[in-house]
Amino acid sequence: MKNPLLTKFRRAQYNCTEAQRLSIKRQETKLPPAEYVRFKVHMAGCSICREFDKFSALVNKTMHATSLETEKHPPHILNDQEKRSLQQKIDEFRKSIDN
Amino acid sequence: MKTELDIGKWVLLHGDYLFSLAKYKLNDDDLAKDMLQETFFAAIKAKDGFRGDSSERTWLARILNNKIIDYYRSRKKEIPMSEYLSATNRAFNEPYFDTNPAEFGHAKPAAFPQIAGMGSDDNINQAELKKALYDCIEKLPTTLSHVFLMKHVFEEKPDIICKHFNITSSNYWVIMHRAKLLLRTCLSKNWVP
């Protein structure tokens, strides 16, 4: 008779699709225990997914660094005249709403 | 956190930042400026709804993001995301993973070529990686890039993104996985560190 636990274990070992989704999920939130175990079992034996996990983390890190940079130093700038004219339109629109 | 909006200083305080976000997502100067103005007008209409549970800037960025998504929606007929995902599931996964039941979901090594320089962080030129990554993001299908950018440029939480696109959390992980698979493939071809 097949051992159901062993079947589950083998499935986790083979399923890179699931492991990679879990890797992304784990980088954004905490995995429930069952998913965590399947993730660890898979990662122990799969270099492709270990590398994917690293890649995914690198993408997150790069995107986050860029976000912070955009906050501090926006790469695209409106010139002074554009700024004045836009703020003027905003002020006028606000008046028309408030009245 | 303060609950008063500083409308008279909006352009000075947030103009360049919001313009940069809009420019990044729309890739068009005039359109980005129009969208920026629409965002400010919409924000004024909604100003009584500002509760101060996020910063003024985050609140404005969220309105901008909604405007941009509405803009893309208005341009094409949209099919629900979950339908799109299930319809494209097999075609998408086949090049990457084994679909034969015995080895279901097993990665095909040829679809995961090594990316040079991935091994150690020191060897990576951050500026070059950033540029290559952004070029690759531009090539993502818009359905995926909207979700990806909402997470990684607007830094929204998964539950807010799911509500916004009306998708389940499992749809969300599938989308992020697909986006990263495509980015990985693109970078392995286009990025030489």
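Details of the structure are given in the entry above.
K.L.:
So what's going on with the overall build of chain B? Residues and values would help.
P.N.:
Looking only at helices and strands, chain B features eight helices and zero strands. Traced from its N-terminal end to its C-terminal end, chain B shows the element sequence α-α-α-α-α-α-α-α. Along the longest, intermediate and shortest principal axes, the C-alpha atoms of chain B span 60 × 40 × 35 Å. Looking at chain B residue by residue over its 193 residues, the buried ones come to 47%. A fraction of 70% describes how many contacts in chain B between residues 6 or more apart in sequence connect residues 24 or more apart. Here chain B displays about 9800 Å² of accessible surface, and carbon together with sulfur accounts for 51% of that area. With 27 positive and 25 negative side-chain charges, chain B shows a separation of 2 Å between the mean positions of the two kinds.

K.L.:
A description of helix H2 (residues 16-28) of chain A should follow, citing residues and the corresponding values.
P.N.:
Residues and elements named next belong to chain A. The end-to-end C-alpha distance of H2 is 19 Å, a good match for the 18 Å that 13 residues give at a rise of 1.5 Å each. For H2, the set of buried residues is Cys 16, Thr 17, Ala 19, Gln 20, Leu 22, Ser 23, Ile 24, Lys 25 and Glu 28. Of the residues flanking the start of H2, the one acting as N-cap is Asn 15, its side-chain oxygen 3.2 Å from the backbone nitrogen of Thr 17.

K.L.:
For unusual backbone geometry, give the residues involved together with the corresponding values.
P.N.:
All names here are of chain B. Even without being glycine, Glu 155 reaches a positive phi, approximately 50 degrees. Of note, Glu 155 is situated in the loop between helix H6 (142-152) and helix H7 (158-165). Positive phi values are uncommon outside glycine, yet Asn 166 reaches one of about 55 degrees.

Cut-offs used in this document
Residues numbered from 1 in each chain as written. Chains lettered and ligands numbered in written order. Predicted model: local features only at pLDDT ≥ 70, side-chain atom pairs only at ≥ 80, totals over all residues. Heavy atoms only, no water. Helix = DSSP H or I, 4+ residues; strand = E, 2+ residues; numbered from the N terminus. Buried < 20%, exposed > 50% of the residue type's maximum accessible area, 1.4 Å probe, protein only. Contact = heavy atoms within 4.5 Å. Areas by Shrake-Rupley, 256 points an atom, 1.4 Å probe, with all protein chains shown as cover. Lys, Arg positive; Asp, Glu negative; His and termini not counted. Charge placed at Lys NZ, Arg CZ, Asp CG, Glu CD. Expected span 1.5 Å × (residues − 1). Polar contact = N/O pair within 3.5 Å; in protein donor to acceptor, adjacent residues only side chain to side chain.

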